[in-house]
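So the chains spell out like this:
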Amino acid sequence: MSAKPNFRALIAPVVLLSVALPCAAEADQTTSRWETALADTKPIFNARLRYEGVEQEGLPEDASALTYRFRAGFETGKIFDTALLVEFDHIDDLIDDFNSTINGKTGYPVVADPNATELNRFQLTNTSLPDTIITLGRQRIGLDDARFVGNVGWRQNEQTFDGARVQNSSLGELKVDFTYIAQINRIFGDDSAVGRWDGDSYLLNHRDRKARIHSLLRYPVRLWLQFPGLLGRLLSR
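1. Regarding empty space enclosed by the protein
Taken as a whole, this structure holds 1 cavity of 30 Å³ or more when the rule is applied. For the largest cavity, the calculated volume is near 30 Å³. Surrounding the largest cavity, Glu118, Leu119, Asn120, Arg138, Asn157, Glu158, Thr160, Asn185 and Arg196 form its lining. Among the elements that take part in the lining of the largest cavity, strand E4 (residues 116-126) stands out by supplying 3 residues, more than any other. Split by residue class, the lining of the largest cavity holds 1 nonpolar, 4 polar and 4 charged.

Below, the structure is given as structure tokens:
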């Protein structure tokens, strides 16, 4: 008498194989994505030499500041539509006859380029949603002509922002830009008492290219700034 076949024993390997193959394929695909992202990684490097001289009445000395900045980092290629950017700044002086705001040389006019070695940017940028860019982390923000919100790029230590930003262009000519900011990293550096500004800030910037042709004086940005003990709202028109 022959034994009845054990269908569970026969089916089990098929089931396991049907599960394992897609998982293996998915794992290979994920590995391939990581390899592509690493292969597409781009270095960031620039150097800048800057001189500023200042004469100011009421101070015994004139300022003479020759400073340099090295900026270095990298930006990866995209994996799951997301790229990582890491960037450091190193700032030092060659001629230090100036008040950097932290060097104690108060007899000189201020040239706000203090010595510093800092993390300048550390951000994730995602483009998985149509017509949308989402940026998380320490980032550079410059709205329009940077009249109210910008990176103060002429200084050696630029201003950056810790927060989350969403830019959307799905409405045709209307571009919408919303940002939440938890901290502003100011030009004065980590060693300054005023180098960091903590507080909940919300920025809403909207641009209509057609409308701006007819109204060049209108500055389309809305800012809500949370100050310690005071809620201030600046509404530009």
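2. Focus on the confidence of the model for the chain
Looking at the chain as a whole, the pLDDT averages 83, with 75% of positions reaching at least 70. Per-element confidence in the chain ranges from a low mean pLDDT of 38 for strand E10 (residues 230-235) to a high of 98 for strand E2 (residues 63-75). Contacts for the low-pLDDT stretch residues 213-220, under 50 throughout, to residues beyond four places or in other chains number 17 contacts. For residues 226-237, every residue scores under 50 in pLDDT, and the model assigns this stretch 21 contacts once sequence neighbours within four places are set aside.

Cut-offs applied
All chains use their own residue numbering, which begins from 1 and follows the written sequence. It should be noted that, the model being predicted, local features are given only for residues of pLDDT at least 70 and side-chain atom pairs only at 80 or more, the latter also being counted only at that level, while totals for whole chains, interfaces and linings use all residues. Think of the side-chain values as coming from all heavy atoms in the structure, minus any hydrogens and water. Definitions used throughout: a 1 Å grid over protein atoms alone; a cavity as a set of points that fits a 1.4 Å probe which cannot get out; a pocket as an open set with protein on both sides within 12 Å along at least five of seven lines; a lining residue as one with an atom within 4 Å of a point. Grid points are joined across faces, edges and corners, and a volume is the space filled by probe spheres set on the points. The helix and strand labels rest on DSSP assignments: H or I over at least four residues marks a helix, E over at least two residues marks a strand, and numbering proceeds from the N terminus. All residues other than Ala, Val, Leu, Ile, Met, Phe, Trp, Tyr, Cys, Pro, Asp, Glu, Lys and Arg, Gly among them, are scored as polar; the first ten of these are nonpolar and the last four charged. What pLDDT expresses is the predictor's confidence in each residue, scored from 0 to 100. The criterion used for residue contact is that any of the two residues' heavy atoms lie within 4.5 Å.

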